[in-house]
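# Topology and contacts: notes
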Amino acid sequence: MVDPFASRPSPKLIFGNGALSKLSDAVREIGVTSVLLVTDKGIVKAGHVINAQSILESAGIRVHIYDEVSENPTESDAARCCAAATELQFEGIVALGGGSSMDTAKACNFLLTNGGKMSDYHGYGKANKPFLPFVAIPTTAGTGSECQSYALVSRESSHEKMACGDPKALARVAILDPDITDSQPLPVAVQTGIDALAHALEASVSTRRTELSAMYSEAAFRHIARAIDDIVDCSVRGDDRGHMLLGASLSGLAIENSMLGAAHASANPLTARYNVIHGRAVAIMLPHVMHFNEADPEAAKIYVRYSNILRETGISRKPLIDWVADLVGRLELPEITADASDIDKLAAAAALQWTGQFNPRPLEVKDFVDLYRAAFALPKPA
Ligand SMILES: [Fe+2]
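Think of each chain on its own: its residues are numbered from 1, step by step along the sequence as written. Side-chain atom pairs in this predicted model are given and counted only at pLDDT of 80 or more, local residue features only at pLDDT of at least 70, and totals for whole chains, interfaces and linings cover all residues. Side-chain figures throughout are based on the complete set of non-hydrogen atoms in the structure, without hydrogens or water.

Glancing now at the domain arrangement of the protein chain. Here the limits of each domain have been adopted from an automatic or database domain assignment. Partitioning the protein chain into domains gives domain 1 (12-181) and domain 2 (185-375). Using C-alpha coordinates to define each centre, domain 1 is positioned 26 Å away from domain 2. Pairs of residues are marked as contacts when any of their non-hydrogen atoms sit within 4.5 Å. Between domain 1 and domain 2, the residue contacts involve 17 residues of the former and 17 residues of the latter. Both faces considered, domain 1 and domain 2 share a buried interface measuring about 1600 Å² in area, 66% of it formed by carbon and sulfur atoms. Buried area: the accessible area, evaluated with a 1.4 Å probe, that two parts lose upon being put together, summed over both parts. Among the residues domain 1 hides against domain 2, the three largest losses belong to Ala 141, Gly 142 and Cys 147. Together they make up 29% of the total. We define a salt bridge as a contact between a side-chain nitrogen of Lys or Arg and a carboxyl oxygen of Asp or Glu at a distance within 4 Å. Taken together, domain 1 and domain 2 are joined by zero salt bridges. Definition of a polar contact: a pair of N or O atoms within 3.5 Å, with one able to donate and the other able to accept a hydrogen when the atoms are protein atoms, and with sequence-neighbouring residues admitted only if both atoms are side-chain atoms. Where domain 1 packs against domain 2, one counts four residue pairs in polar contact (both at pLDDT 80 or more).

Here it is as structure tokens:
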């Protein structure tokens, strides 16, 4: 029997080497003749902004540039972008950059069109007025934010990440150009690539999974698994960047349709407390969470199916979890020194994470304690 489901929409995806050249067509398609281009200084330096600007301007589209995006945007970063934008006249938004540019552009869209502050939109579907049409162009293969209707914005005081979602925040078009991701430094590609893999794997077993999200997860996994070995070894070859970019976006659609799980719930407190970069924090936790999830018979079946994909495609003869643990073991991960009281605090914070609710096995604080002890190679308390 097929369980009932209601799908969340996808942006129109324009994929291919050189796809950036289709930007003016995409902007015309969303019905606007002037845009705010939201980006960061690194993307300006890499030359992508001037390329995008000249593509748009040569098609008669007016461009205003906001290049003040900071990493892991906070509520005040979102407010700053909105304040700059209110001084300008434009009809649509283009985000060009990594997850932070996507999040800032989406957050700016919330505030410009609906007012207030980002914490007003924490959750899903709290904005009433229409949004400006939005085109997303990722320059990193990882977050999949270009395919999601959530802006992730940190609270100023606690650094807690708020997921602010609304169906109107979704990009109408996402341009996926592997050539643009060439400028992504390899260490960034490694950690965002592992994050994208974790998105596919967590979404595949989420309690919210549907027929459609399972298709996205599996397709994402197939693309990412083909390239991630090379990425982790910093030896990018052939179509690796294309597989990673498409895989990351399909993972984004899988999350949009099914949510994540306990690897993200337990990774977020590591980022908040020890400033561990998101992809690395997820990498630290992922194999341990998968071992925990294996006790769920349905999750175990899905892991076996993915192990078969690895074997049939000649990628690895290892079972899925061993293959993931091997990838993680080859990363440079930070040493975290945590005592029992640190672990108790981390576990309490992890248990409050919204995304943990969708893990195939429910977790209590004591389960997170065990996961952190396993991740930090500490013995279980007597
Ligand atoms: Fe993630």
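With that out of the way, let us pick up helix α10 (residues 278-293). Between its first and last C-alpha atoms α10 spans 21 Å; for 16 residues at 1.5 Å apiece the expected length is 22 Å, and the two agree. Of all bends in α10, the biggest is about 35 degrees, found at Leu 286, and the proline Pro 287 comes one to four residues later. Only protein chains enter the calculation, and the probe is 1.4 Å; a residue is then buried if its accessible area is under 20% of its type maximum, exposed if over 50%, and partly exposed in between. To qualify as a helix, a DSSP run of H or I must reach at least 4 residues; to qualify as a strand, a run of E must reach at least 2; elements of each kind are numbered from the N terminus. Of all 16 residues in α10, twelve are buried, a share of seventy percent or more. All buried positions along α10 are accounted for by Gly 279, Ala 281, Val 282, Ala 283, Ile 284, Met 285, Leu 286, Pro 287, Val 289, Met 290, Phe 292 and Asn 293. As for α10, its buried residues are in contact with α6 (186-205), α9 (262-274), α11 (297-312), α12 (320-329) and α14 (365-375). By this rule the span expected of a helix is its residue count minus one, scaled by 1.5 Å. Two axes enter the definition of the bend at a residue: one is fitted to the seven residues ending there, the other to the seven starting there, and the bend is the angle between them.

Fitting a line to C-alpha atoms yields each axis, with helices limited to the stretch in contact; the angle taken between N-to-C directions then spans 0 to 180 degrees. Contact geometry for α10 and α14: axes closest at 9 Å, N-to-C directions at 125 degrees. The orientation of α10 with respect to α14, classified from their angle, is oblique. As α10 packs across α14, the resulting crossing turns out to be right-handed. Residue-level contacts link Ile 284, Met 285, His 288, Val 289 and Phe 292 of α10 to Asp 367, Leu 371, Tyr 372, Ala 374 and Ala 375 of α14. Under this grouping Gly is polar, as are all residues other than the nonpolar Ala, Val, Leu, Ile, Met, Phe, Trp, Tyr, Cys and Pro and the charged Asp, Glu, Lys and Arg. For the contact of α10 with α14, the class distribution of residues is eight nonpolar, one polar and one charged. In these notes the angle categories are as follows: under 35 degrees is roughly parallel, over 145 is roughly antiparallel, 65 to 115 is roughly perpendicular, and the rest is oblique. Crossing handedness: left-handed means the near helix sits turned counterclockwise from the far one by under a right angle, and right-handed means the same turn made clockwise.

Buried Ala, Val, Leu, Ile, Met, Phe, Trp, Tyr and Cys residues that are joined via side-chain atoms within 4.5 Å together make up what is termed a nonpolar core. Among the nonpolar cores identified, the biggest contains 71 residues, and Leu 201, Phe 221, Leu 270, Leu 320, Trp 323, Phe 368 and Tyr 372 are the most heavily contacted of them. Lining this core are residues from two domains, each supplying at least three of them: domain 1 (12-181) and domain 2 (185-375). In this view, Tyr 372 contacts Ser 266, Pro 269, Leu 270, Met 285, Ile 343, Leu 346, Ala 347 and Ala 350; residues no more than four positions away in its chain are not counted. Counting residues in each nonpolar core, the second largest holds 29 residues, with Tyr 66, Val 69, Ala 107 and Ala 127 among its members.

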